[in-house]
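Secondary and tertiary structure notes
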Amino acid sequence: MVSKIIPIRETPTAHAKMTDRLRRPLRDLRISVTDRCNFRCVYCMPKEIFGRDYQFMAHSQLLSFEEITRLAKIFVRHGIEKVRITGGEPLVRRHLEKLIEMLAQIPGLDLTLTTNGSLLKKKAQALKDAGLKRVTVSLDSLDEAIFRAMNDVDFPVASVLEGIAEAAAVGLQPVKVNMVVKRGINVDSVLPMARHFKGSGHILRFIEFMDVGATNGWRMDDVIPTRELVRMINGEMAIEPIDPNYQGEVAERWRYKDGGGEVGFISSVTQAFCRDCNRARVSTEGKLYTCLFATEGHDLRSLLRGGKSDDEILDVIGQIWSVREDRYSEIRSEHTAGLRKVEMSYIGG
Ligand code: SAM
Ligand code: SF4
Ligand code: SF4
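Read on for an overview of the structure. Throughout this description, residue numbers start from 1 for each chain and increase along the sequence as written. Chain letters start at A and ligand numbers start at 1, both assigned in the order the entries are written. For a predicted model such as this one, the threshold for reporting local features is a pLDDT of at least 70, and the threshold for listing and counting side-chain atom pairs is 80 or more; totals across whole chains, interfaces and linings nevertheless cover every residue. No hydrogens and no water enter the side-chain calculation; it runs on all heavy atoms of the structure.

In this section: the overall build of the protein. Secondary structure elements are defined from DSSP: runs of H or I of at least 4 residues count as helices, runs of E of at least 2 residues count as strands, and each element is numbered from the N terminus. When you go through the protein residue by residue, the secondary structure sums to 12 helices and 12 strands. Relative to the 2.2 N^0.38 estimate, which gives 20 Å for 349 residues, the radius of gyration of the protein is 20 Å and therefore close to what a compact globule would have. Expressed as lengths along the three principal axes of its C-alpha atoms, the size of the protein is roughly 55 × 45 × 40 Å. What sets the accessible areas is the Shrake-Rupley method with a 1.4 Å probe; for residues, cover comes only from the shown protein chains. Looking at the protein as shown, the accessible area adds up to about 15,300 Å², and 49% of this sits on carbon and sulfur atoms. Across the protein, the centroid of the 51 positively charged side chains sits 2 Å from that of the 47 negatively charged ones. Here the globule rule is a power law, 2.2 Å times the number of residues to the power 0.38, and the radius of gyration is based on C-alpha atoms. A positive count includes Lys and Arg, and a negative count includes Asp and Glu. His and the chain ends are not counted in either. Every charge is mapped to an atom, namely NZ of Lys, CZ of Arg, CG of Asp or CD of Glu.

Structure below.
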């Protein structure tokens, strides 16, 4: 929790060089704009927990678009170069394109969004017009029965594919497609997904099933390690590793040897990438989390609403980051999986 405010450095340039205790800079900010979602993905918001009686946040608890924009500008002074809007499902937050328009005016910011794609066909053009650069769309299978069972609200594959096509058509490119792979659920969908997106210009990324939150019943046995996926894909379509775009990139990049484009692997469980982790997360109600697997956040909303100046908030964030030691994925075990960690749908992916 935020306790003592120790002023750090004075100038924006000096702040930009700030690092945590493991010498990691702050570069990437993920902002969750809602804890609500129109899907109930079994690995993220299982229906047994997120049912009819589940208490989502009241609108007054959420950061307003003005508060989010103010925070983003403060984070930029700390060296943030990229902002990803996430959730819950960000496109269920009304008038999201207004927020995008406000954030897009911050100079030099790479602005992107992760969505389940369900509302993308309708919203892609407005998001592009508002200044969004790219999108990442989650899609776990092309098999109708498997996908409907995974999103658990009977949502059809075709609508997500239409959303992806529309995003590309309006210029939100390249579209990245995220597929969480869970043993016994959608492993048979891996090759069809790879075949489908090979040569499409979109970048498919496979994500190891993670023990985020405390409700998804994670077991190590359910994780399909990246090396197994690489073997599977390479057996049919030859791939080779390529260099990362930048230090700290989450996905390991591979390409099809025949020129069919790129695929990515996010191996947060079997090949932890904490060493280069430069990501901070702001939850729907304005708490700062320095790790996806944190159990507690730091309340920034009370500072925003309590009359603190930008410089004071800047210093608080600097203080929090400067003592950061998070490296959860490097110390994960079946035991740590049981900790009461914050839910993915609240903190954002
Ligand atoms: N609703 C949006 C979506 O699904 O793209 C954005 C929020 S969602 C929490 C962000 C990403 O986290 C999605 O790509 C989703 O598949 C991924 N995700 C959620 N739970 C996960 C888990 N337990 N393990 C791995 N990835 C997960
Ligand atoms: Fe919703 Fe995204 Fe979580 Fe699925 S992964 S339940 S779409 S927030
Ligand atoms: Fe970063 Fe935490 Fe994930 Fe490690 S476990 S990569 S520190 S978010």
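We now examine the side chain of arginine 134. Tracing the backbone through its elements, the reader meets arginine 134 in strand β4 (residues 134-138). You can call arginine 134 buried: its relative accessible area is 16%. Polar contact is defined as a pair of N or O atoms within 3.5 Å, subject to the rule that within protein one atom must be able to donate a hydrogen and the other to accept it, and that residues adjacent in sequence are counted only when both atoms are side-chain atoms. Within polar-contact distance, the side chain of arginine 134 engages the side chain of aspartate 110 at 2.5 Å. Here, residues are in contact when the closest pair of their heavy atoms is within 4.5 Å. Aside from chain neighbours lying at most four places away, what touches arginine 134 is Asp110, Leu111, Thr112, Leu113, Leu172, Gln173, Pro174 and Lys176. Under the scheme applied here, a residue whose accessible area is under 20% of the maximum for its type counts as buried, over 50% as exposed, and between as partly exposed, the area being computed with a 1.4 Å probe on protein chains only.

The mixed open sheet is built from 12 strands, whose spatial order is β7-β8-β9-β6-β5-β4-β3-β2-β1-β10-β11-β12. One side of each edge strand has no neighbouring strand; the edge strands of this open sheet are β7 (239-241) and β12 (298-299). Strands are treated as partners if at least two bridges between them are detected by DSSP.

In this section: the pairing of β4. When you tally the buried positions in β4, you get 4 out of 5 residues, the bulk of the element. Note that β4 and strand β5 (residues 176-181) share 3 bridges and pair parallel. Of the residues in β5, the one forming a bridge with valine 137 is valine 177.

This brings us to the site of ligand 1. In the vicinity of ligand 1, 20 residues are found, and the nearest of them are Gly88, Ser138, Met210, Asn216 and Met344. One of the backbone nitrogen or oxygen atoms of threonine 115 is found 3.2 Å away from an oxygen atom of ligand 1. At 2.6 Å from an oxygen atom of ligand 1 is found a side-chain nitrogen or oxygen belonging to serine 138. Coverage of ligand 1 by the protein chains reaches 95% of its 540 Å² of free accessible surface. Mapped onto the shell around ligand 1, the elements with two or more residues apiece are β3 (110-115), β5 and β6 (203-208). Residues are sorted three ways: Asp, Glu, Lys and Arg are charged, Ala, Val, Leu, Ile, Met, Phe, Trp, Tyr, Cys and Pro are nonpolar, and all the rest, Gly among them, are polar. For the shell around ligand 1, the class distribution of residues is 8 nonpolar, 10 polar and 2 charged. Whether a residue is near a molecule or strand is decided by its heavy atoms; if any one of them lies within 4 Å of it, the residue is near.

In plain words, nonpolar cores are sets of buried Ala, Val, Leu, Ile, Met, Phe, Trp, Tyr and Cys residues tied together by side-chain atoms within 4.5 Å. In terms of nonpolar packing, the biggest core is built from 104 residues, with Phe75, Ile85 and Phe206 touching the most fellow members. Not counting residues up to four positions away in its chain, the partners in contact with phenylalanine 206 are Met179, Val181, Val190, Ala194, Leu229, Ile233, Val263, Gly264, Phe265 and Ile266.

Tracing the backbone shows alanine 272 in the loop between β9 (262-266) and β10 (279-282). Sequence separation between alanine 272 and glycine 51 is 221 residues, and the spatial gap between their C-alpha atoms is 33 Å. Those residues in contact with alanine 272 that sit more than four places away from it in its chain are Ser267, Ser329 and Glu330.

Lining the immediate surroundings of ligand 2 are Cys37, Phe39, Cys41, Cys44, Met45, Gly88 and Asn116. Taken together, the residues of the shell around ligand 2 break down into 5 nonpolar, 2 polar and no charged.

Here we take up the packing of helix α2 (residues 65-77) against helix α3 (residues 96-104). In this description, a line fitted to the C-alpha atoms serves as the axis of each element, helices being fitted only across the stretch in contact, and the angle between N-to-C directions of two axes falls anywhere from 0 to 180 degrees. One can describe the packing of α2 onto α3 by two numbers: an axis separation of 10 Å at closest approach and a directional angle of 30°. Judged on the interaxial angle alone, α3 and α2 are roughly parallel. Seen along the crossing, α2 lies across α3 with a hand that is right-handed. Contacts between α2 and α3 pair Phe65, Glu66, Ile68, Thr69 and Ala72 from the former with Leu96, Lys98, Leu99, Met102 and Leu103 from the latter. Small angles under 35 degrees read as roughly parallel and large ones over 145 as roughly antiparallel, with 65 to 115 read as roughly perpendicular and the rest as oblique. Definitions for this section: a left-handed crossing has its near helix turned counterclockwise from the far helix by less than a right angle. A right-handed crossing has that turn clockwise.

For helix α6 (residues 157-169), with 13 residues, the first-to-last C-alpha span of 18 Å sits near the 18 Å given by 1.5 Å per residue. Among the residues of α6, those classed as buried are Val157, Val160, Gly163, Ile164, Ala167 and Ala168. Looking straight down α6, one finds its buried side chains confined to an arc of 130°; they lie on one side. Among the structural elements, α4 (120-130), β4, α5 (144-151), β5 and α7 (190-197) are those in contact with the buried residues of α6. Looking one or two places after α6, you find glycine 171, whose phi comes out positive at around 100°. Between the first and last residue of a helix there are one fewer steps than residues, each counted as 1.5 Å, and that sum is the expected span. An arc is given here, and it is the one of the directions from the helix axis to the C-beta atoms.

Where burial is concerned, most of strand β2 (residues 82-86) is hidden: 5 out of the 5 residues are buried. Alternating residues of β2 divide into Lys82, Arg84 and Thr86 and Val83 and Ile85, and every residue in both groups is buried. Alignment of strand β1 (residues 28-32) against β2, held across 5 bridges, turns out to be parallel. Counted as the bridge partner of serine 32 is threonine 86 from β2. The crossover handedness rule: strands pointing away from the viewer, path from first strand over the helix to second strand clockwise, crossover right-handed. One crossover worth recording links β1 to the parallel β2 by way of α2, and it is right-handed. As judged from the 4 bridges shared by β2 and β3, these two strands associate in the parallel manner. By the bridge assignment for β3, arginine 84 is matched with threonine 112. Note on the crossover from β2 through α3 to β3: the handedness is right-handed.

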